[in-house]
Every structure is written in C-alpha cells, then in structure tokens.
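A look at the structure
Listed here are the chains, written in short residue letters.
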Amino acid sequence: MNKQLEKALYQQLNREYFSAYQYLAMSAYFEHQSFKGFASWMRRQSDEEMEHMMKYYTYIIDRDGEMAFESIAKPIQKFSSPLSVFQAGLKQEKEITKHIHNLIELAISKKDHATHHFLQWFITEQVEEESSFKDIVHQLSLIGTNKAGLLMLDKKLGESASRES
Ligand code: FEO
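Below or above, wherever it landed, is the structure these notes cover. (Residues numbered from 1 in each chain as written. Predicted model: local features only at pLDDT ≥ 70, side-chain atom pairs only at ≥ 80, totals over all residues. Heavy atoms only, no water.)

**Points about the overall build of the protein chain**
Definition in use: Runs of E in the DSSP output that reach at least two residues are strands. Runs of H or I that reach at least four are helices, and both are numbered from the N terminus. Exposure categories follow from relative accessible area, calculated using a 1.4 Å probe and restricted to protein chains: below 20% of the type maximum is buried, above 50% is exposed, and the middle band is partly exposed. It only takes one pair of heavy atoms within 4.5 Å for two residues to be counted as in contact. Note on areas: Shrake-Rupley with a 1.4 Å probe; residue coverage comes only from the protein chains shown. Positive: Lys, Arg. Negative: Asp, Glu. His and the chain ends are not part of the count. For charged residues, the charge sits on one atom: NZ in Lys, CZ in Arg, CG in Asp, CD in Glu.
The helix and strand inventory of the protein chain stands at five helices and zero strands. Reading the helices (α) and strands (β) of the protein chain from amino to carboxyl end gives α-α-α-α-α. Here the protein chain holds 165 residues, and 45% of them are scored as buried. Long-range pairs, those at least 24 residues apart, make up 80% of the contacts in the protein chain between residues at least 6 apart in sequence. Per element, the accessible surface of the protein chain, about 9,300 Å² overall, is 54% carbon and sulfur. One way to put it: in the protein chain the 20 positive side-chain charges average out to a point 5 Å from where the 23 negative ones average out.

Take a look at the structure:
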C-alpha cells in the first residue's frame, strides 16, 4: 500500500479510538448526573466506535500495512448540560466525516480502488451518525431546562440503546 495512504489510515484508526474514548467519558458524565438513558446511549456509541476502529485495524492488516500506534488524546470530561454533550458529539462526528472525505480523495489520487471501496461503508455510517446526533441536539434545544422533558428523552434514548445492543 502507498505509505502516505497507509499513514492516513492508521491516523483515522486513532481518531475512531479517540471517539470511543470521548463517548465513554460522556457516558461517565451522564452516569454521575443520573441520566442513565443518555449514559447507555453514549456507551453504545462508544462500542460502535470501537467497532469502527477495528475495521480500520483489520483492513490495514489485510493489506499488509505497517501499524504505527500513536497516543490517544485525553477526552473532554466536563460539560455544562446534556445539550452541550450532544453538541460536542455532533462536532466530533463532523470532524470524522471530514477526515473520511480527505481519505477518499487521497485513495483516489493514489489509484487505490480497494481502499476507496473500503471507505464507502463509512460514508453511509457517517450520514446516520450525524443524523442521530443532530436529532438529539434539536430535541434538547426544544426541551431547554424543562426537567420532565429531559427525563422523558433520557428514558427514550435508554430504551433505544438497549434495543440496539
Ligand atoms: Fe466512527 Fe462516529 O465515527
């Protein structure tokens, strides 16, 4: 595999790992706030990011690529509200999407059709993930500081996390 592309792929693996770590930190924040449903939903997101990370790992290994593991950055652990958590999550997903687009452009420029094909799955996945975060940000914006509304959404997300796991 082209060395520049190989490096870009394991950098993306690192970003997915960081997403898992960040969502776990968000889950812990919700646990401390007693929002058990939000905590479960974020934990489920964290698990999904680990699956994404492993997809990159398997792909790099399958392509006989060299792994160069780097440090995982420290996640943000303090937030001002559930809304601020999901806004940060949406920002993280947008960042991931941007990097996947860059990766695809690099794969095309290196005429690496296998990597181009491999990355297509992530394009679809990112549309879904951004949409989930966007919906929750929107709902939380409408709820504002209404405690009953927050508890209802917490319950709903907890149920959806347990359905998916
Ligand atoms: Fe794997 Fe949510 O980006």
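**Quick notes on helix α1 (residues 3–32)**
Short version of the rule: Expected span of a helix, by definition, is 1.5 Å for each gap between consecutive residues, and there is one gap fewer than residues. The definition of a polar contact used here is a pair of N or O atoms within 3.5 Å, where within protein one atom must be able to donate a hydrogen and the other to accept one, and adjacent residues in sequence count solely through side-chain atom pairs.
Between its first and last C-alpha, α1 extends 44 Å over 30 residues, near the 44 Å set by a 1.5 Å rise per residue. At the N-terminal end of α1, a side-chain oxygen is found 3.0 Å from the backbone nitrogen of Q4, two or three residues along, and the residue is N2. Following α1 by one or two positions, S34 adopts a phi angle in the positive range, close to 65°.

**Overview of the nonpolar core**
Let me state the cut-off plainly: For our purposes a nonpolar core is just a set of buried Ala, Val, Leu, Ile, Met, Phe, Trp, Tyr and Cys residues, chained together by side-chain atoms within 4.5 Å.
Ranked by size, the top nonpolar core spans 21 residues in total, and within it F30, F38, W41, M42 and F86 carry the most contacts. Contributing elements (two or more residues each) for this core: α1, α2 (36–62), α3 (82–109), α4 (113–143) and α5 (147–164). What W41 contacts, discounting residues up to four positions off in sequence, is F86, S132, F133, I136, L157, S160 and A161. A8, L13, Y56 and F118 belong to the second largest nonpolar core, which has 18 residues in total.

**Structural notes on the layout of surface pockets**
Space left empty within the atom packing is revealed by a probe, the size of a water molecule, rolled over the atoms. Stated formally: Definitions used throughout: a 1 Å grid over protein atoms alone; a cavity as a set of points that fits a 1.4 Å probe which cannot get out; a pocket as an open set with protein on both sides within 12 Å along at least five of seven lines; a lining residue as one with an atom within 4 Å of a point. Grid points are joined across faces, edges and corners, and a volume is the space filled by probe spheres set on the points.
Its boundaries defined by the atoms lining it, the largest pocket holds a volume of some 220 Å³. Looking at the largest pocket, it is lined by 14 residues, and the ones nearest its centre are W41, Q45, E128, S132 and E164. Those elements giving two or more residues to the lining of the largest pocket turn out to be α2, α4 and α5. It is α4 that provides the largest number of residues to the lining of the largest pocket, a total of seven residues.

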